[in-house]
Amino acid sequence: MVLVTACFLMVCCAPKKINQEEQQIEKLLAQMTIDDKIGQTALRGTSSRVKGALSEEFKQAVRDGQVGSVLNVMNVEYVKELQGIAVEESRLGIPLIFARDVIHGFKTIFPIPIGLAASWDEQTAYDCARVSALEASSQGIRWTFAPMLDIARDSRWGRVAESPGEDPYLASILAKAYIRGFQGDSLSDPRSMAACAKHFLAYGAAIGGRDYNSAVIHNAEMQNIYLPPFKAAIDAGAATIMSSFNDVNGVPATGNKFILRDILRDQLGFNGFVVSDWNSVTEMIPHGFAANEKEAGKLSAMAGLDMEMTSAAYQNHLKQLIETGEVSMDVLDDMVRNILRVKIQLGLFKAPYIPDNHPGQMYAEESMKAAYDAAVNSFVLLKNDNNLLPLKAEQKILLTGPLADAPHDQLGTWTFDGDKARTVTVKDAFEQNASTQFINGLEYSRDNSKKQFQATVAKAKKSDVIVFVGGEEAILSGEAHSRADIRLPGVQEELLYELSQTGKPIVLVIMAGRPINISAVLPFVDAVMMAWHPGTLGGPALYDVLTGSREPGGRLPITWPKSAGQLPIYYNQKNTGRPADKESFVHMDDIPVGAWQSSLGNKSHYLDAGFLPAFPFGYGLTYTSFDYSNLLLSDTTMNDAGNIKMNVTLTNTGSRKGTEIVQLYLQDQTASLTRPVKELKDYQKVTLLANESRVIEFNIKASQLTFYNNDNKKVLEPGVFNVFVGGNSLHVLSDSFCFE
């Protein structure tokens, strides 16, 4: 009876609410001139923040209804003033939305998004978004250009730092958490911000990892790899979507009707508004897709782009395009409907101003704790020879490296509002340890000077263990910061080698926005911890993890290459007709001189780098060890109910409590479209005491076996499916079952 009542209320009440919202939109639309409508499509502002007094010209534009939303106005008094002009002095009183890039924190900075993805944890992503929304909305910011949901398979790309990694399933889990965190229980809550899932679509597939570049992907790959995180975000209620800079199969995304209408609106059912990326409308001119600004505006409008960020193609030409019949008034009306709908949902018509009792507090105790926990959960332990970590209390420690005391760089990319004065660095945290001595060794990550080498080595000789915090500065990752060579910059490798000659064990801590090529230094460091750029409290989090009061909680959300020459590289690759294997692989150094041309196995690999990455997707060590055994499927054939159970026994074989991320992968052996060697379909975080065992159960469902084929249809085909379970994508137990 309760279920029936709930369903009855859902059916009866929901349409009434929607009708009221749409009625308000239509009432406003009927009062609007064409100029009013075009004004709503204009997102205006600056690249960083308005400095000095607001210009009278800008105020008048707001008063005249020529501005729909405002970007990067960070003076709260200006926010109040502009909103007052829009609501009280413009003809229709339509409120503004104030926007900002609040990516992984506003004031309290969390780890960069690729670090958050390394947590494999919904709560961590949610906490970051919720704290960001609470702090930023207290300053009037009700719209953020996050989360970025671009699948990233090439570590040369600078925006790997902002990505959820390479896997569509993990990215989809995180997408839902981000949307819930930013938007809260209700968009109308003044503590919430409208999220903006970006960049639609396939920005992460840019050729060669070069930002803004072309993406060439077939429809099945688009549907199976790049769309799922966006679908998850839309299903979670994402209010806005941002189009991407790149062209997809020759058509820039900002003017791509297939992407913005056929896929986004018709297939995914999105009913919020679509905003361009910065100037991406007029950048279709250098793309060679639009001849001029007027044509760029026409193409964008017809494709389904609702709001134009900073450029003015709509403002300058849309009225004329409508008057000449090149663009229908219905197109503009739909654009405005989408924008007004979000403004109504944000509650801006009823409460346009920042409430006096807004609870947002910068650096609140609970926010800082969440940032600390997020950092701990993001750290990935890649190597730990002879159990060097955790460090021992009696050890004399040399702390060195260019990022050991780098408050700005520790925050990472896209931290416009982060305050480096509030950063607690690794040096700050280690100062509580009386047995630690410090020398930075290098002034910054790209430093090529060796002037401190001698002093650093001298201190190292007096220590028991060296902790070297290196990597890349924040400026070396993020938008437009692609790198062809992803090794440690500057002379970090040389300094690490010199330190290794002391015979002292070395812990290499990497702060970076991407996986780094550490092949040259890996043999002479004893432990490696990937810390990404960990945010405000990255220092204390690292200290506690390195000394063992906390455990490194992260697993790689992206495959770690041996070198840039392997890129793009990703775990869910296709087999090819000649899949590589260790039995046939011969390294180029082992090839006999004068060898016969076809004597090397002729498989898919590199002669110098092989076919395996440095570290596989899903990889990460803990301070204990785990064993997998007794993989059992409930049947050899999936039953009529469309599910099959899989059990595996997980045992903590170490001496301390630890947490494992148990990962389930599937492979469709034979299909109408070649399928990946494995695909992540589920995972569980399991905490076990020393010597404890537990049976872990997964329920494999028929829906997890589906894929999009070349006809753009979602299909479930009969056949044999391989099941893999383990602690990463490479080292797994396996079995198989049939679906008939």
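Residue numbers run consecutively from 1 along every chain, following the written order of its sequence. The predicted origin of the model limits local features to residues at a pLDDT of at least 70 and limits the giving and counting of side-chain atom pairs to 80 or more, whereas totals for whole chains, interfaces and linings rest on all residues. Side-chain numbers here rest on the full set of heavy atoms in the structure, without hydrogens or water.

An unreviewed UniProt entry lists the protein under the name beta-glucosidase, from Carboxylicivirga marina. UniProt positions are given in the numbering used here, feature names are shortened, and annotations may be inferred rather than shown by experiment. Under the UniProt heading Sequence similarities (unreviewed entry), the entry covering the protein gives this text: "Belongs to the glycosyl hydrolase 3 family." Listed under Catalytic activity (unreviewed entry) in UniProt, the entry text for the protein is "Hydrolysis of terminal, non-reducing beta-D-glucosyl residues with release of beta-D-glucose."

Caption draft 1: Highlighting the packing of aromatic side chains. Planes of paired rings set the category: under 30 degrees apart is stacked, over 60 is edge-to-face and the rest tilted, where pairs are Phe, Tyr or Trp rings (Trp by its six-membered ring) whose centres lie within 6.5 Å. Summed over all chains, the structure comprises 18 aromatic pairs. A centroid spacing of 5.5 Å and a plane angle of 80° characterise the contact between Tyr 497 and Phe 524, whose relative ring orientation is edge-to-face. Of this pair, Tyr 497 sits in helix α19 (residues 492-500) while Phe 524 sits in the loop between β15 (506-511) and β16 (527-530); the two residues are 27 residues apart in sequence, bridging distant segments of the chain. The class for Tyr 497 is partly exposed, based on a relative accessible area of 41%. When its relative accessible area of 22% is taken as the criterion, Phe 524 is described as partly exposed. Measuring from ring centre to ring centre gives 6.1 Å for Trp 560 and Phe 615, while their planes differ by 85°; the resulting arrangement is edge-to-face. Of this pair, Trp 560 sits in the loop between α20 (538-546) and β17 (626-633) while Phe 615 sits in the loop between α20 and β17, and the two are 55 residues apart along the sequence. Here a set of aromatic residues connected by ring pairs shows up, and it is made of Trp 120, Tyr 169, Tyr 571, Phe 617, Tyr 665 and Tyr 683. For the purposes of this entry, the term helix denotes a DSSP run of H or I that reaches at least four residues, the term strand denotes a run of E that reaches at least two, and both are numbered from the N terminus. Accessibility here uses a 1.4 Å probe with only protein chains present; expressed as a share of the type maximum, an area under 20% marks a residue as buried, one over 50% as exposed, and anything in between as partly exposed.

Caption draft 2: View of the nonpolar core. Nonpolar cores are built from buried Ala, Val, Leu, Ile, Met, Phe, Trp, Tyr and Cys residues. Side-chain atoms within 4.5 Å join them into one set. Membership of the largest hydrophobic core comes to 107 residues, with the highest contact counts inside it found for Leu 82, Phe 200, Leu 201, Ile 241, Leu 264 and Leu 318. For this core, the leading source of residues is helix α7 (residues 168-183), giving 9 residues. Contacts are assigned to residue pairs that have any heavy atoms within 4.5 Å of one another. Once residues lying within four places of it in the same chain are set aside, the contact partners of Leu 201 are Met 222, Tyr 226, Leu 227, Phe 230, Ser 244, Asn 246, Val 248, Ala 253 and Ile 259. Core analysis: the next-biggest nonpolar cluster, separate from the first, contains 41 residues, Val 380, Leu 442, Ala 512 and Met 530 among them.

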